[in-house]
2 protein chains.
Amino acid sequence: MKLYDVDASGNCYKVRLLASLASIALEYIPVDLSAGEHKHPPLSHLNPLGQVPVLEDGSRVIWDSQAILVYLAGTQGGLAWWPAHPQGQAEIMQWLSFAANEVQHSLCTARLIRQFGYVADHAAAQARSVTVLGVLDRHLATHEWLAIGRPSIADIAVYPYVALADEGNVDVAPYRHVQRWMTRLEALPRFLPKPRLET
Amino acid sequence: MKLYDVDASGNCYKVRLLASLASIALEYIPVDLSAGEHKHPPLSHLNPLGQVPVLEDGSRVIWDSQAILVYLAGTQGGLAWWPAHPQGQAEIMQWLSFAANEVQHSLCTARLIRQFGYVADHAAAQARSVTVLGVLDRHLATHEWLAIGRPSIADIAVYPYVALADEGNVDVAPYRHVQRWMTRLEALPRFLPKPRLET
């Protein structure tokens, strides 16, 4: 299976993190965003949104980082990270939507503005980040993991942009339940550390 | 099962539409957003994001419209709308993320601005709507349904804000493949029409 991948992308890191934790072998195809490779074939044919990551498994193509997590965890993860019962899937799905929407438009956007020249309102993204971290902290005050009482792709979808928050000038230090959850996740066997920006 | 519901909400309409198509009995609890009921108990305790819809099934609570679709389709829908195999789930998941992120921040936001006094840039939301409708139209040029070759919760998650686009001053008429997909969906047995705003 091929993963079209950008090292600095938090959305690509979600997939690399699951692959490492679940010992799933992937062939990584680096994509040069600065050369616009994601806007041209083959990638523009593979993903209608022209984004990374994209997974290619033979003739099957999956775009969207959350969908790739479902695909890999469901086909290769042996039910450890994505259960077969719909009650557990729905519980995880809440946090996949939270990652696709709330986290993307707060912590991820703040980082895009600060590190990659994305044009948007940084103060607004910071304010949304405070809301997102508050929701997470209150939930994690009474839960060890985001869903189903154990590590799942819910945690893997949400962790990357929380771990990368400082690169968007968002301080996670005040959120002690979030901090403890990150420490638990980072202690899992085969944990893969976040990407470092080249300086 | 109780659904905390707002009639005019496209996200609540997603759930009502699945319930109708799949003949799932729900008890609807109307929520008065103008009175701020979603920001106070019991709703603020049930959903950390303080939003509708919320589903309560005995002691189990599911928030996020996409997660509720997974829950209801998975537990009550007999595999018709959410298959058991992860390949199909991942294909659908692509469009659940698209509904949670791209559709929400384009067609839904344009409608919130025009109809509900939401403060945001309408021209930007319209421009994002054009991108979203273009992605849908190109996909639907070669696919009858968004995923797995048959109607699924992918279609149910994306349809509502496309059907309500005119209330955000977005014109869907130029997108003929989208139009034909809407007509196919509206012809399904037990289809439930979109809510009408009180005038």
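Only a predicted model underlies this, so the values are computations on that prediction, with no experimental measurement involved. (Residues numbered from 1 in each chain as written. Chains lettered and ligands numbered in written order. Predicted model: local features only at pLDDT ≥ 70, side-chain atom pairs only at ≥ 80, totals over all residues.)

(A) Quick look at the pairing of strand β2 (residues 27-30) of chain B. Residue and element names in this part refer to chain B. Summarising the sheet, strand β1 (residues 2-5) and β2 pair through four bridges and their orientation is parallel. Across the sheet, residue Y4 finds its bridge partner in β2, namely I29. On the question of chirality, the crossover connecting β1 to the parallel β2 by way of helix α1 (residues 10-21) is right-handed. (Pairing = 2+ DSSP bridges. Helix = DSSP H or I, 4+ residues; strand = E, 2+ residues; numbered from the N terminus. Right-handed = clockwise from strand over helix to strand, strands pointing away.)

(B) Broad picture of the interface of chain A and chain B. Opposite the 26 residues of chain A that make contact, chain B presents 26 residues. Looking at the side of chain A that touches chain B, the elements that each hand over two or more residues are β4 (60-63), α3 (65-76), α4 (86-116) and α5 (122-140) of chain A. The element that contributes the greatest number of residues to the side of chain A that touches chain B is α4 of chain A, accounting for ten residues. Class assignment of the residues belonging to the side of chain A that touches chain B gives a composition of 13 nonpolar, ten polar and three charged. (Contact = placed C-beta atoms within 7 Å. Nonpolar A, V, L, I, M, F, W, Y, C, P; charged D, E, K, R; others polar.)

(C) Summary view of helix α4 (residues 86-116) of chain B. Residues and elements named next belong to chain B. Compared with the 45 Å implied by 1.5 Å per residue over 31 residues, the 38 Å span of α4 between its first and last C-alpha is markedly short. The largest bend in α4 is about 60°, located at V103. Within α4, 24 of the 31 residues are buried, which leaves it mostly tucked inside the rest of the structure. Just beyond α4, the residue with positive phi is G117, at close to 70°. (Expected span 1.5 Å × (residues − 1). Bend = angle between axes of the 7 residues up to and from the residue. Buried ≥ 20, exposed ≤ 12 C-beta atoms within 10 Å, placed from the backbone.)

(D) Quick look at the sheet that holds strand β1 (residues 2-5) of chain A. Residues and elements named next belong to chain A. With mixed pairing, four strands are arranged side by side in an open sheet as β2-β1-β3-β4. The strands lining the two open edges of the sheet, one partner per strand, are β2 (27-30) and β4. Averaged over all pairs of adjacent strands, the angle between strand axes in this sheet comes to 20°, irrespective of strand direction. Two strands pair when backbone bridges link them, and strand β3 (residues 54-57) and β4 are joined in this way by four bridges, in the antiparallel orientation. Among the inter-strand pairings, V54 is bridged to a residue of β4, identified as W63. Running at roughly 130° to β4, α3 makes contact with β3 and β4 of the sheet. (Axes fitted to C-alpha atoms, helices over the stretch in contact; angles between N-to-C directions.)

(E) Region of the structure containing the relation of the copies chain A and chain B. Each copy of the sequence occupies a distinct position, and chain A is placed on chain B by a rotation of 180° and an axial shift of 0.0 Å, giving an RMSD of 0.0 Å. Taken together, the rotation and translation describe the operation of a two-fold axis. No C-alpha of chain A approaches the rotation axis more nearly than that of N101 of chain A, which lies at 2.4 Å. (Least-squares fit on C-alpha atoms with pLDDT ≥ 70 in both.)

(F) Structural view of the packing of α3 of chain A against helix α6 (residues 153-163) of chain A. Residue and element names in this part refer to chain A. Two numbers describe how α3 lies on α6: the axes approach to 10 Å, and their chain directions differ by 145°. As α3 packs across α6, the resulting crossing turns out to be right-handed. From α3, Q66, L69, V70 and A73 reach across to α6, where they touch I153, I156 and A157. For the contact of α3 with α6, a count of residues per class yields six nonpolar, one polar and no charged. (Left-handed = near helix turned anticlockwise from the far one by under 90°.)

(G) Molecular detail of the domain arrangement of chain A. Residues and elements named next belong to chain A. Domain annotation of chain A identifies domain 1 (2-76) and domain 2 (86-186). Placing the centre of domain 1 and that of domain 2 at their C-alpha centroids yields a distance of 20 Å. If one sorts the elements of the side of domain 1 that touches domain 2 by residue count, helix α1 (residues 10-21) sits on top with five residues. Of the residues that constitute the side of domain 1 that touches domain 2, the class distribution is six nonpolar, two polar and one charged. (Domains from an automatic or database assignment.)

(H) Structural view of the sheet that holds strand β4 (residues 60-63) of chain B. Residue and element names in this part refer to chain B. The sheet built from four strands is open, its strands ordered β2-β1-β3-β4 with mixed pairing. Strands with a single pairing partner mark the edges of an open sheet, and in this sheet they are β2 and β4. Between one strand axis and the next, the sheet turns through 20° on average, direction left out of account. Across the sheet, helix α3 (residues 65-76) touches β3 (54-57) and β4, and the angle it forms with β4 is around 130°.

(I) Seen up close, unusual backbone geometry. Here the bond from V52 of chain A into P53 of chain A is cis, since omega is 0°, no more than 30 degrees from zero. Inspection of the secondary structure puts P53 of chain A in the loop between α2 (43-46) and β3. Positioned with a positive phi, L79 of chain A is a non-glycine residue whose angle comes to about 70°. Positive phi, normally seen in glycine, also occurs at D64 of chain B, with a value near 80°. When you line up the elements, D64 of chain B lands in the loop between β4 and α3.

(J) Structural view of the packing of helix α5 (residues 122-140) of chain B against helix α7 (residues 176-186) of chain B. Residues and elements named next belong to chain B. Interhelical geometry of α5 versus α7 gives an angle of 70° and a closest axis separation of 7 Å. One way to sum up the angle between α5 and α7 is to call them roughly perpendicular. For the pair α5 and α7, contact is made by L133, L136, D137 and L140 and by H177, V178 and W181, respectively. Considered class by class, the residues forming the contact of α5 with α7 number five nonpolar, one polar and one charged. (Parallel < 35°, antiparallel > 145°, perpendicular 65-115°, else oblique.)

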